[in-house]
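Structural overview
What follows is each chain in one-letter form.
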Amino acid sequence: RVTNSRYQPVEPTLRMIRGRLKDASLLAIKRTVAHKAQQWLGDPSMEKFLRPMTLFAASNFANYVEEARKAYDDEVRTKGQ
């Protein structure tokens, strides 16, 4: 929903998601997807990467989680001031 997509729950996609659930909490995964959607939606050159193969690839995901964590921490810090 966050990415305005309707990917089907096919086994290769589910396998990647299950792998990321071993690496991060569900909350971290949701924040990461929301963060990447916020960054990339509206940018035609990047919207095409809002797909499971890119978002949940092990080689990308750790970086995306860290980006989202920093953005969330910054947002919380800003609201708290």
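Residues numbered from 1 in each chain as written. Predicted model: local features only at pLDDT ≥ 70, side-chain atom pairs only at ≥ 80, totals over all residues. Heavy atoms only, no water.

1. Comments concerning helix α1 (residues 11–23)
With 13 residues, α1 should reach 18 Å at 1.5 Å per residue; the first-to-last C-alpha distance of 19 Å fits that figure. Considered for burial, the residues of α1 that qualify are Thr13, Gly19 and Arg20. The buried residues of α1 occupy an angular sector of 125° when projected down its axis, which confines them to one face. With respect to the buried face of α1, the exposed residues turned more than 90 degrees away are Arg15 and Lys22. Where α1 is buried, its residues meet α2 (26–40), α4 (52–55) and α5 (58–79). (Helix = DSSP H or I, 4+ residues; strand = E, 2+ residues; numbered from the N terminus. Expected span 1.5 Å × (residues − 1). Buried < 20%, exposed > 50% of the residue type's maximum accessible area, 1.4 Å probe, protein only. Arc of directions from axis to C-beta. Contact = heavy atoms within 4.5 Å.)

2. Quick notes on the pattern of salt bridges
Tallied over the full model, the rule gives six salt bridges. Its salt-bridge partner being Arg20, residue Asp23 comes within 3.0 Å of it at the nearest N-O pair. Of this pair, Asp23 and Arg20 both sit in helix α1, three residues apart, which is roughly one turn of the helix. Arg20 gets classed as buried once you look at its relative accessible area, which sits at 10%. (Salt bridge = Lys/Arg side-chain N within 4 Å of Asp/Glu carboxyl O.)

3. Side note on the packing of aromatic side chains
Applying the stated rule across the entire model yields three aromatic pairs. Note on Trp40 and Phe49: the rings are 6.3 Å apart at their centroids and 65° apart in plane angle, and the pair reads as edge-to-face. Overall, Trp40 belongs to the buried group, its relative accessible area being 9%. On the basis of relative accessible area, Phe49 is assigned to the partly exposed category, the value being 27%. Grouped by ring-pair contacts, the aromatic residues Trp40, Phe49 and Tyr64 constitute a single cluster. Here the basic side chain of Arg31 rests over the ring of Tyr72, its NZ or CZ set 3.5 Å away from the ring centre. (Phe/Tyr/Trp six-rings, centres within 6.5 Å; stacked < 30°, edge-to-face > 60°. Lys NZ or Arg CZ within 6 Å of the ring centre and 35° of its normal.)

Nothing here speaks to function; it is all geometry.
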